[in-house]
Amino acid sequence: QVQLVESGGGLVQAGGSLRLSCAASGRTLSSYAMGWFRQAPGKERDVVAAKNWSGSSTYYADSVKGRFTISRNNAKNTVYLQMNSLKPEDTAVYYCAARADYGLGYAPREYVYWGQGTQVTVSS
């Protein structure tokens, strides 16, 4: 069993930055592929970024390429999402998730463990 806790969300003006953290307990994250998802009101939960277990492969949604960076520190059992040049359309609840597999995952159904989410609000 893996417990995930996100932090770092908040209110920021457009063009600003935030860094989300996802701390894991229960098991080491080194055997899991990780992902960040977001869900805006009335919309589906979509993948934002994902990284495989070793960190050698990374995926970004087109909407965040060049602005967001996913990273992982397996020694600290933590995954990060650095978000720069934020836009109002980035406003959503952001979730981190762990996939019981080594490879990248792109859909929520591919992930087993989820955090509780952290709200990110970008004002114009």
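The preceding data block contains the structure.
Residues numbered from 1 in each chain as written. Predicted model: local features only at pLDDT ≥ 70, side-chain atom pairs only at ≥ 80, totals over all residues. Heavy atoms only, no water.

A few points about the pattern of salt bridges
Phase 1 of the analysis: Taken as a whole, this structure holds five salt bridges when the rule is applied.
Phase 2 of the analysis: For the salt bridge of Asp62 with Lys65, the shortest nitrogen-to-oxygen distance reads 3.2 Å. The exposure classification of Asp62 matches that of Lys65, with both residues exposed.
Phase 3 of the analysis: Across the pair Arg99 and Glu110 runs a salt bridge whose closest N-O atoms are separated by 3.3 Å. Of this pair, Arg99 sits in strand 9 (residues 92-99) while Glu110 sits in the loop between strand 9 and strand 10 (113-114), placing them 11 residues apart in sequence.
Phase 4 of the analysis: You can call Arg99 buried: its relative accessible area is 14%.
Phase 5 of the analysis: With relative accessibility at 26%, the residue Glu110 sits in the partly exposed group. (Salt bridge = Lys/Arg side-chain N within 4 Å of Asp/Glu carboxyl O. Buried < 20%, exposed > 50% of the residue type's maximum accessible area, 1.4 Å probe, protein only. Helix = DSSP H or I, 4+ residues; strand = E, 2+ residues; numbered from the N terminus.)

Some points on the side chain of Asp90
Phase 1 of the analysis: With respect to the helices, strands and loops of the structure, Asp90 is situated in the loop between strand 8 (78-83) and strand 9.
Phase 2 of the analysis: Asp90 sits in the buried class, given a relative accessible area of 1%.
Phase 3 of the analysis: Looking at Asp90, its side chain comes within polar contact range of the side chain of Arg38, at 2.9 Å. (Polar contact = N/O pair within 3.5 Å; in protein donor to acceptor, adjacent residues only side chain to side chain.)

Geometric descriptors of this kind do not, in isolation, establish any biological role.
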